[in-house]
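Structure at a glance
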Amino acid sequence: MSNQPTSPVAAMATRARFRPPPLPSVAMHGFWGRWIETVRQTTAPILRRRCEDAGMYEQIDPDRPVPKETVPLKHGANTSAQRFWDSDFGKIIETAAYCLVRGRDPALEKLVDDIVDIYGRLQLPDGYMNSWFQRMRPGKRWTNMRDDHELYCAGHMLEGAVAYFQATGKRKLLDIMLRYLEHIRTVIGTGPGQKPGYPGHQEIELALVRLYRLTGDRTHLDLARYFIDQRGQDPKYFEAEAQVRGEKPGEWYQKTPEYNQWHAPVREQDKVVGHAVRAMYMYSGMADVAAEFGDDSLRVALERLWADLVGKRLYVTGGMGPSAYNEGFTEDYDLPNESAYAETCASVGLVFWARRMLEMSLEGRYGDMMEQALYNGALAGISLDGSVFFYENPLESRGNHHRWKWHRCPCCPPNIARLLASIGTYAYAEGQGELAVHLYGESEATLDIGAGKVRVAQRTHYPWEGDVEFTITPDQPRSFALSLRIPAWSHATQIAVNGVQLDPAALTTEGYARIERAWQPGDTVRLHLGLGVQRLHANPNVRQDAGRVALRRGPIVYCLEGVDNSVPLNSIALPPQAELQATFEAGLLDGVVVLQGTATVAKSAGWGEELYRPQPAPTEPVQIRAVPYFAWDNRAPGEMLVWLREAPAD
Ligand code: FUB
Ligand code: ZN
């Protein structure tokens, strides 16, 4: 199949220069290897059991009696997480598939096969397949694409089908989904008798591109582009559809088309607005379509949206979407800490989007952000033992925010699980005559650079230490470029090839050091990244962080927890000159670097009964200890704080 665009919209320009390697080509060990094992051994089987306990199998299995609704409608309207349970099964299948790449596991495979068999029985002769509409709302299918998640569920099932086929060669689910897509193509489109709709929750766009890349069948790519191009066009499909349902204009629980980003055609959108996960998935799909078609009009829009997100609307953790009301964005610089919604799925989505930006344009700002969202906003969403989860990821807690076993909206656990299980595909990238390393971590990869294969081995204790040693073994001596991401936070970076020091500044453009040479099998590259503790200050427009600092070491953002600190966290102030010692503690939180130092604490002893008085409380020194944000709430419950008060300079 040709990759040529079929529409004049698709002006030829930047196509993807890099692609993620297939998952089996990368073996992750060390920090990420431990997480993958946790997902494989604990999270994947737990997800299945908890779906069972939540009654989800009863809904999807056509051989069981139709169950009662168990998740109440929200806002008295028509939103209920139960409506998109199929998507959770899709993500569980995807997670299991990635784990199976690591090693065959009959129990895990059976878990998937059982789910696939159920969906095989559920699918209707015309190809339609959605458990909510078939079992809970018969007769209502395709009547409310704005809210109903049919295409979202199809997207997740499709991603699961592609991943499971790639992992095992089993194509039953893939065939189910191909039949379902045939059905979707007959119902949706701009042809006579079709509904010119698009998903109310984006996701299927990127899934279709994955399917296209697997099958080479262009109809899938064209459908992805249709969804991207059609979104927000006039007349607005969701308005017409609402009229058919008899709704008055604007009579909708979310009230604004910005909520699911259909307020304007995607190329005209310039602010990240609305529901955060929807936005991240949409931008990821746009990037995929831009890369496939070389569509610069999409790429330009994405760069604008990226600048808006990272410049005005992103937490230091790579979390986003402060508001619970719309699970999304509010105003520029509105980044409250304690009430931050910052859904785990949104940070996972940012990782997806960033990797796709890197595929088009190898720029460190995308790689740095991918890493920041991954290690902080996303990874915080799962406990160290892989069994309990966060949905919201606030940056401050008074001790009342805890991980849960299950949620009435269980979207986040399988999302972080599938990301972790496939992390190898985010670490490396393959190009023609070049390869790139985005993430550092103990691993081996065999990468295809067009002319041949190159084996790359990384030895490192990253993220706790900044030294990385690579052994580069091409299948035969070859000339190619190896690009290494040099994070913007790294100081005193050093690079040596076969023991010869090179000038990192001379090699580095846009955050990647490009080492182009005739490589011999066994060549070594030593990279040193300076991991000093950084104190970050927020833009003065972020009122919630005024007078406060956040601590970061390498990609890891830190927080204080009550369990480590003897005084209320907001009574602590960190003097600007306070030294912070970084120490690796093998026995703590599965082995982390902690930051320790002396700060000051306002003494309440001796204050008396007054609530207010003209004199400030006296201060005294206090020892503080900070731990990685991702690892918080894994011990005794208590307070947590990312943005610390800064003491005035001496
Ligand atoms: O609507 C499907 C998923 O549920 C969203 O992505 C999450 O934000 C949660 O609302
Ligand atoms: Zn979620």
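Look a little higher up for the structure.
As the structure is a computational prediction, the values presented were derived from the model and not from experiment.

We now examine the overall build of the protein chain. Counting secondary structure elements, the protein chain contains 17 helices and 22 strands. Taking 26 Å as the expected radius of gyration for a compact globule of 650 residues, we find that the protein chain reaches 25 Å, a close match to that expectation. Each principal axis of the C-alpha atoms in the protein chain carries an extent, and together these give about 75 × 70 × 50 Å. Put simply, the protein chain has 650 residues, and 61% of those count as buried. A fraction of 71% describes how many contacts in the protein chain between residues 6 or more apart in sequence connect residues 24 or more apart. When the accessible surface of the protein chain is summed, it comes to about 23700 Å², and 52% of that surface belongs to carbon and sulfur atoms.

On to the sheet that holds strand β8 (residues 478-485), then. In space, the five strands of this open sheet follow the order β3-β4-β8-β12-β11, with mixed pairing throughout. Each edge of the sheet is formed by a strand with only one pairing partner; in this case those strands are β3 (428-431) and β11 (508-509). For β8 and strand β12 (residues 512-519), the ladder comprises eight bridges, and the chain directions are antiparallel. Following the sheet pairing, S479 is matched in β12 by A518. Relative to β8, helix α14 (residues 364-378) is tilted by about 55°, and along the sheet it contacts β8 and β12.

Turning next to the sheet that holds strand β13 (residues 523-528). If you trace the seven strands from one edge of the open sheet to the other, you get β1-β5-β6-β7-β13-β9-β10, paired in antiparallel fashion. Every interior strand has two partners, whereas the edge strands, β1 (26-28) and β10 (500-502), have only one. Strand-to-strand twist of the sheet, defined as the mean angle between neighbouring strand axes without regard to direction, takes the value 20°. For strand β9 (residues 494-497) and β10, the ladder comprises three bridges, and the chain directions are antiparallel. Looking at β10, one finds that I495 is bridged to L502.

Let us look at the site of ligand 1. Residues in close proximity to ligand 1 include F84, H149, Y152, H201, H275, V277, E327, E343, Y391, C409 and C411, which together make up its full environment. Taking E327, its side chain carries an N or O atom lying 2.5 Å from an oxygen atom of ligand 1. E343 has a polar side-chain atom sitting 2.6 Å from an oxygen atom of ligand 1. Coverage of ligand 1 by the protein amounts to 96% of the 270 Å² it exposes when considered alone. Grouping the amino acids of the shell around ligand 1 by side-chain chemistry returns six nonpolar, three polar and two charged.

Around the zinc ion (ligand 2), the protein contributes the donor atoms E343 (OE), C345 (SG), C411 (SG) and C412 (SG), at 2.0 to 2.3 Å from the metal centre. What the four donor atoms of the zinc ion (ligand 2) show is an angle range of 94 to 117° at the metal, which sorts the shape as tetrahedral. The class for C345 is buried, based on a relative accessible area of 2%.

Another aspect to go through is the packing of helix α4 (residues 106-122) against helix α7 (residues 172-187). Packed helices, taken two at a time, are described by their axes: the angle between them and the distance between them. Taken N-terminus to C-terminus, the directions of α4 and α7 make an angle of 30°; their axes are 10 Å apart at the nearest point. If you check the angle between α4 and α7, you find them roughly parallel. In this structure, the crossing between α4 and α7 has a hand that is left-handed. Residue-level contacts link V116, D117, Y119 and G120 of α4 to K172, L173 and I176 of α7.

The next subject is the packing of aromatic side chains. In total, this model carries 31 aromatic pairs according to the counting rule given. When the centroid spacing of 6.1 Å and the interplanar angle of 80° are considered together, the rings of W252 and Y253 count as edge-to-face. In this structure, W252 and Y253 share a single accessibility class: buried. Measuring from centroid to centroid gives 6.1 Å for Y440 and F470, while their planes differ by 70°, and the two rings are edge-to-face. In this pair, Y440 is assigned in the loop between β4 (434-437) and β5 (443-448) and F470 in strand β7 (residues 467-474), connecting sequence segments 30 residues apart. Here Y440 falls in the buried class, since its relative accessible area comes to 0%. Three or more aromatic residues joined by ring pairs make a cluster, and in this case those are Y198, Y237, F238, W252, Y253, Y259 and W262. Cation over ring: R225 sits above F293, and NZ or CZ is 4.1 Å from the ring centre. Stacked on the ring of Y426, the Lys or Arg R355 has its end atom at 4.4 Å from the ring centre.

It is worth spelling out unusual backbone geometry at this point. That bond from D234 to P235 is cis: its omega, -10°, falls within 30 degrees of zero. Looking at the element boundaries, P235 is found in the loop between α9 (218-230) and α10 (237-244). A cis geometry characterises the amide bond from Y462 onward to P463, with omega recorded as 10°. Looking at where P463 falls in the secondary structure, it is placed in the loop between β6 (453-460) and β7. For Q261, which is not glycine, the phi torsion reads 55° and is therefore positive. Counting through the fold element by element, Q261 comes out in the loop between α10 and α11 (276-293). Despite not being glycine, Y333 shows a phi value in the positive range, around 65°. Tracing the sequence through the fold places Y333 in the loop between α12 (296-312) and α13 (344-360).

What counts, and at which threshold
Residues numbered from 1 in each chain as written. Chains lettered and ligands numbered in written order. Predicted model: local features only at pLDDT ≥ 70, side-chain atom pairs only at ≥ 80, totals over all residues. Heavy atoms only, no water. Helix = DSSP H or I, 4+ residues; strand = E, 2+ residues; numbered from the N terminus. Rg over C-alpha atoms; globule rule 2.2 N^0.38 Å. Buried < 20%, exposed > 50% of the residue type's maximum accessible area, 1.4 Å probe, protein only. Contact = heavy atoms within 4.5 Å. Areas by Shrake-Rupley, 256 points an atom, 1.4 Å probe, with all protein chains shown as cover. Pairing = 2+ DSSP bridges. Axes fitted to C-alpha atoms, helices over the stretch in contact; angles between N-to-C directions. Near = heavy atom within 4 Å. Polar contact = N/O pair within 3.5 Å; in protein donor to acceptor, adjacent residues only side chain to side chain. Nonpolar A, V, L, I, M, F, W, Y, C, P; charged D, E, K, R; others polar. Donors = N, O, S within 2.8 Å, 3.2 Å for Na, K, Ca; no water. Tetrahedral: all angles 85-135°; square planar, octahedral: opposite > 155°, others 65-115°. Parallel < 35°, antiparallel > 145°, perpendicular 65-115°, else oblique. Left-handed = near helix turned anticlockwise from the far one by under 90°. Phe/Tyr/Trp six-rings, centres within 6.5 Å; stacked < 30°, edge-to-face > 60°. Lys NZ or Arg CZ within 6 Å of the ring centre and 35° of its normal.

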